[in-house]
Amino acid sequence: MMRVMHAEVVAVEDLTPALRRIVFGGPALADYPTTGVGDEYVRVLFPIDGEERPPLPGIDGDDLDYASVTGDRMRTYTIRAVDHEAGTVTIDFVVHEGGLAAGWARGAAVGDVIGLNTPKPLYDPPAGLEWQVLAADNAGLPAALRIVELTPPEVATRLVLEVAAEDHKVPVPDHPRLETTWVVGGNGHAPSCLDEVVRGLPRPGGTGYVWVAGETKALRGARKHLRRELGLPASAYKALGYWTVDAERWRERFAALDEATKAELEAMWAEEDKDPEAIADAYEDRLTALGL
C-alpha cells in the first residue's frame, strides 16, 4: 500500500561540487518500506512560497493522487540508502543553478521538511543473471552505485559513469567482479557519450542485463540500439530518462502543441494490448519528429 509522509533533514554532506547528500529522518521513517532494489524511486514534495513543510497529497490505489498535488512542487529521485536501525533515508541530489529541487538542495539545512512517498523499483534483471552493464550520468550515478552494492558477488559488472569534471568522481563500492570506467563530459556541459558508450560495449555470452540512466534525449539512441539493432527483449535492458536538458523550455514547447497532437501522444499509452516497449519506441519517435 502506497504511503506518503513528511521527512526531516537530519544531515547534509557535499560529496562533490555537483552532488549533495541529504539524510532524512523523523518518526514516519522508522519503518520505511524499502523494496531493496538499487534504483527504487520516490516522489519528493518540496515546500514553496514560504511554507515550512509541503502539504501531502492523497493516495489513489497504489500511487499518489496526482490531482491533489501540483507538479511544480514534486520531483522524482532515487534512494541512495535506507538505514532501518537509524530510521533514515538518504538521497543524493545533483545541484546546479536553477530548478526547484536543485535550489532547495543547495540551501537545505537540518530541520527542513519535505514530503516523500514509499518507493517503487525499476531495475529488474532476468533470473540467473551472469553479467550486467550499468551506465549513467551524474543523475543516475547514485542509483548505479547502490545497484553495485546490492549485486551478488558472482555477477560480473561493468560500470560506466559520466561526470562533468574530474572532481565530480566519487568512491565506487567494492565488488569482486566490478570493472569501472569514468567518462568526463555530458551532464549539460557537453554532449553526452552514453549512447556511444552503450553501442561500443562488448556483450559477453550468458544471461545479461543492461541498465542505463541519464538525460532523456541522449538515451533515445541507446535504447533503439538495445531494442532494435541488438533485438534484446525488454527483460534484458532498462533505459531510463532521469532528466531533460533545459527542461522548462521543453515543457513549454510540449504545452504549446496543438490539442490533437497531445491527444495522439496520450492515446499511445492507452493501447493495453500493445507491448509497452513498442509503445515507448513509437512515442519517442513521435517526440523526435516534433523536435522534442
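Preceding this section is the structure that the text describes.
What you see is a predicted model; the values in this text were computed from it and never measured. (Residues numbered from 1 in each chain as written. Predicted model: local features only at pLDDT ≥ 70, side-chain atom pairs only at ≥ 80, totals over all residues. Heavy atoms only, no water.)

### Side note on the pairing of strand 3 (residues 41-45)
Piece 1. Strand 3 sits mainly inside the fold: four of its five residues count as buried.
Piece 2. Pairing between strand 3 and strand 6 (residues 74-78): five bridges, direction antiparallel. Directly across from L45, in strand 6, lies its bridge partner M74.
Piece 3. Where strand 3 lies against strand 9 (residues 113-117), two bridges are found, and the strand directions are antiparallel. Across the sheet, L45 pairs through a bridge with G115, a residue of strand 9. (Buried < 20%, exposed > 50% of the residue type's maximum accessible area, 1.4 Å probe, protein only. Helix = DSSP H or I, 4+ residues; strand = E, 2+ residues; numbered from the N terminus. Pairing = 2+ DSSP bridges.)

### Focus on the sheet that holds strand 14 (residues 237-243)
Piece 1. Strand order in the open sheet made by the five strands is 12-11-10-13-14, with parallel pairing throughout. With one partner strand each, in any of the chains shown, strand 12 (178-184) and strand 14 form the two edges of the open sheet. Averaged over all adjacent pairs, the angle separating strand axes in this sheet is 10°, with direction ignored.
Piece 2. Relative to strand 13 (residues 208-215), strand 10 (residues 131-136) runs parallel, the two sharing six bridges. The partner of L134 across the bridge, within strand 13, is W211. (Axes fitted to C-alpha atoms, helices over the stretch in contact; angles between N-to-C directions.)

### Thoughts on the packing of aromatic side chains
Piece 1. All told, the structure shown has nine aromatic pairs when counted by the stated rule.
Piece 2. The interplanar angle of 85° and the centroid separation of 5.4 Å between the aromatic rings of Y123 and Y209 together place this pair among those described as edge-to-face. Separated by 86 residues along the polypeptide, Y123 in the loop between strand 9 and strand 10 and Y209 in strand 13 bring together distant segments of the chain. The residues Y123 and Y209 share a single accessibility class, namely buried.
Piece 3. Taken together, the ring pairs connect F24, F46, Y77, F93 and W104 into an aromatic cluster. (Phe/Tyr/Trp six-rings, centres within 6.5 Å; stacked < 30°, edge-to-face > 60°.)

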